[in-house]
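What follows is the residue order along each chain.
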Amino acid sequence: MPHTETMLESKEIFAGRVIRVTYDTVRLENGNTSTREVVHHHGGACILPVDEAGNVYLVRQFRYAIGEEIWELPAGKLEAGEDPFEAAKRELGEECGLTADHFEDLGVVYPTVGYDSERIYIWAATGLHPAAQHLDEDEFLDVVKMPLEKALALVLDGTIRDSKTQVGLMKYALLRGKA
């Protein structure tokens, strides 16, 4: 039997530029009711650039919500209704100053399933070409090129903690028999 919950009532308690939060009453499969606090997010797209020598491009930037600088794949949030693939290509240019000839779909990650609706779509990009980097006005980051094997080691030693980056790197490596 599939498990499910049915929303009975939803009350918006916050609406911002990036997220919306609701307080929902749900009917459980046993007939009882419970409440859920849900963060609604349009989702994100990220891209793993890989050059012909097998180097990957990561970005290092400060993330205010966790209070530290972290390693990430180039990524960005989706606008309502935006195509995730187009957003991933946009982020490749904006953050890394690259375009690509080939793209491989690496799937979708649900980063926080207990209370957040966010989905992050991941692609790998190969056949890279330089282009003009054009960061957002409030975006500050360093682009770092390194061998895939080094990036994987940074995942395994805990240096790379970002979930979308871990999944993208590990899945790409496993699909190529490198992990």
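Pairing is mixed in the open sheet, where 4 strands are placed in the order 7-4-9-8. Looking at the sheet topology across the chains shown, the edges are occupied by strand 7 (75-77) and strand 8 (98-109). Put simply, the sheet's adjacent strands are angled 20° from each other on average, direction ignored. Bridge count for strand 4 (residues 44-49) against strand 9 (residues 120-130) is 6 bridges, and the pairing is parallel. Counted as the bridge partner of A45 is Y121 from strand 9. Contacts from helix 1 (residues 84-96) reach strand 4, strand 7, strand 8 and strand 9, with the element oriented near 55° to strand 4. Sitting on the sheet, helix 3 (residues 163-175) touches strand 4, strand 7, strand 8 and strand 9, and the angle it makes with strand 8 is about 100°.

Here the focus is the pairing of strand 5 (residues 55-63). Pairing of strand 5 with strand 10 (residues 142-147), which is carried by 6 bridges, proceeds in the antiparallel orientation. Across the sheet, the residue bridging to Y57 is K145, located in strand 10. Two strands pair when backbone bridges link them, and strand 5 and strand 6 (residues 68-72) are joined in this way by 5 bridges, in the antiparallel orientation. Note on strand 6: the bridge partner recorded for Q61 is I70. From the end of strand 5 to the start of strand 6, which pair antiparallel, there are 4 residues, and G67 there has a positive phi angle of about 70°.

With that out of the way, let us pick up the sheet that holds strand 1 (residues 6-15). Taken in spatial order, the 3 strands make up an open sheet running 1-2-3, and their pairing is antiparallel. Looking at which strands have only one partner, the edges of the open sheet turn out to be strand 1 and strand 3 (33-41). Across the sheet, the mean angle from the axis of one strand to that of its neighbour is 25°, orientation sign disregarded. One ladder, built from 9 bridges, connects strand 2 (residues 19-27) with strand 3; its direction is antiparallel. Paired with V21 across the bridge in strand 3 is V39.

Glancing now at the nonpolar core. Counting residues in each nonpolar core, the largest one holds 23 residues, and the members touching the most others are L48, V56, L58 and L169. Contributing elements (two or more residues each) for this core: strand 4, strand 5, strand 8, strand 9, helix 2 (148-156) and helix 3. Here the element with the most residues in this core is helix 2; it accounts for 5 residues. Aside from chain neighbours lying at most four places away, what touches V56 is L48, P49, V50, V144, K145, M146, L148, A151 and L169. Counting 15 residues, the second largest nonpolar core, distinct from the first, contains V59, L98, A100 and W123.

Parameters at a glance
Residues numbered from 1 in each chain as written. Predicted model: local features only at pLDDT ≥ 70, side-chain atom pairs only at ≥ 80, totals over all residues. Heavy atoms only, no water. Pairing = 2+ DSSP bridges. Helix = DSSP H or I, 4+ residues; strand = E, 2+ residues; numbered from the N terminus. Axes fitted to C-alpha atoms, helices over the stretch in contact; angles between N-to-C directions. Contact = heavy atoms within 4.5 Å. Core = buried A, V, L, I, M, F, W, Y, C linked by side-chain atoms within 4.5 Å. Buried < 20%, exposed > 50% of the residue type's maximum accessible area, 1.4 Å probe, protein only.

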